[in-house]
Amino acid sequence: MKLIVNLPFKTLIVVLCLAQASLSCALDQARITSNDKDEIQTIANQKKNCKSNAIIKSQSLINFMLKDILANYTHTGGGGITSIKETVTNTFDVSIAQEERMDVLTYELAIDEGCTVTLLNKSESTVNFGQR
């Protein structure tokens, strides 16, 4: 036995399936309770604790340096940032490739438990490669 279904009927079946899937997703979204939202917020707040989460601390420090470079570094040609290296606690060297040289920005930073970063000192140096 062969079932023959015409095109309008096939289209109706597809539309009904899509509608069911959309309704199911909407119901799942509505099932998130206020307790779930509180739990999600608690997890987010814990992740922002720089004292107990070294990755979040590093991310905050690196984001601070990247924002500073974007706002203040004027030599936008060259090869861009080639490395960000923590040389001692909360002190970083950011290397930026330029033609025949490497600009190195050294940042000394402080960070509190809430991940607020403060610039203590910033210096710039250049490593020249030159022609051989």
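Residues numbered from 1 in each chain as written. Predicted model: local features only at pLDDT ≥ 70, side-chain atom pairs only at ≥ 80, totals over all residues. Heavy atoms only, no water.

Novice: Is there a simple way to think about the pairing of strand β4 (residues 117-128) in this case?
Specialist: Sheet analysis places strand β3 (residues 101-111) next to β4, joined by 11 bridges and oriented antiparallel. In the strand pairing of β4, L109 is matched with L119. Between β3 and β4, which follow one another and run antiparallel, lie five residues, and C115 among them has a positive phi close to 75°. (Pairing = 2+ DSSP bridges. Helix = DSSP H or I, 4+ residues; strand = E, 2+ residues; numbered from the N terminus.)

Novice: It is not clear to me how the sheet that holds strand β2 (residues 91-98) should be interpreted in this structure. Could you clarify?
Specialist: Strand-to-strand pairing in sheets goes through backbone hydrogen bonds, with the strands running parallel or antiparallel. Across the sheet, four strands lie side by side as β1-β2-β3-β4; this open sheet has antiparallel pairing. Two strands lie at the open edges of the sheet, namely β1 (80-88) and β4, each paired on one side alone. Between one strand and the next, the sheet's axes are offset by a mean angle of 20°, whatever the strand orientation. Docked against the sheet, helix α3 (residues 54-72) engages β1, β2, β3 and β4, running at close to 130° with respect to β3. (Axes fitted to C-alpha atoms, helices over the stretch in contact; angles between N-to-C directions. Contact = heavy atoms within 4.5 Å.)

Novice: Help me understand the nonpolar core in this model?
Specialist: Nonpolar side chains in soluble globular proteins generally cluster together in the buried interior. Judged by nonpolar contacts, the single largest core of 15 residues is most densely connected at I69, V94, L105, Y107 and L109. If you list the elements that add at least two residues to this core, you get α3, β2 and β3. Non-local contacts of V94, meaning those with residues more than four positions away in its chain, are made with M65, I69, I81, S83, I84, D103, V104, L105 and Y107. (Core = buried A, V, L, I, M, F, W, Y, C linked by side-chain atoms within 4.5 Å. Buried < 20%, exposed > 50% of the residue type's maximum accessible area, 1.4 Å probe, protein only.)

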